[in-house]
Amino acid sequence: MVTYSSHYCSNCRKYFNIDLSDVAWPGSHYTRRVIELAVRIVVEDGVPYRPASWHLWRDHRVFVPFATMQNWVEAGEKKGPRAH
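Here's a quick rundown of the structure. (Residues numbered from 1 in each chain as written. Predicted model: local features only at pLDDT ≥ 70, side-chain atom pairs only at ≥ 80, totals over all residues. Heavy atoms only, no water.)

## Points about the packing of helix α1 (residues 32-43) against helix α2 (residues 49-60)
- Across the interface, α1 lies against α2 with an axial gap of 10 Å and an inter-helix angle of 135°. For the element pair α1 / α2, the angle class is oblique. In the packing of α1 onto α2, the handedness of the crossing is right-handed. For the pair α1 and α2, the contacting residues are L37, A38, I41 and V42 in the first and Y49, A52, H55, L56 and H60 in the second.
- Looking at the contact of α1 with α2 residue by residue, the classes come out as seven nonpolar, two polar and no charged. (Axes fitted to C-alpha atoms, helices over the stretch in contact; angles between N-to-C directions. Helix = DSSP H or I, 4+ residues; strand = E, 2+ residues; numbered from the N terminus. Parallel < 35°, antiparallel > 145°, perpendicular 65-115°, else oblique. Left-handed = near helix turned anticlockwise from the far one by under 90°. Contact = heavy atoms within 4.5 Å. Nonpolar A, V, L, I, M, F, W, Y, C, P; charged D, E, K, R; others polar.)

Written out as structure tokens, the structure reads:
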């Protein structure tokens, strides 16, 4: 889970956090890159959810439950325009 990135400025002697919303959605346990890759494997390559989950673990060492991938794919179908 990506929570935050804390840094210290020696000039002003203050701690601050960097916005990581470009890396992961707020509250997400996975980076945007992992989500996009998982959805692409299922939608574009036509791989079923369980083998896609195994593919992500085997090739990228990231565990994503197949039900989570199913939720991402179904959410994408509702949000975006359908391709012909």
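Read on, since the account is not over.
## Some points on the pairing of strand β2 (residues 14-18)
- With respect to burial, β2 is a largely exposed element, only zero of its five residues being buried.
- Where strand β1 (residues 5-9) meets β2, five bridges bridge the pair, whose relative direction is antiparallel. Along β2, the bridge assignment pairs S6 with N17.
- The turn joining β1 and β2, which pair antiparallel and follow one another in sequence, is formed by four residues; a positive phi near 55° is taken by R13. (Buried < 20%, exposed > 50% of the residue type's maximum accessible area, 1.4 Å probe, protein only. Pairing = 2+ DSSP bridges.)

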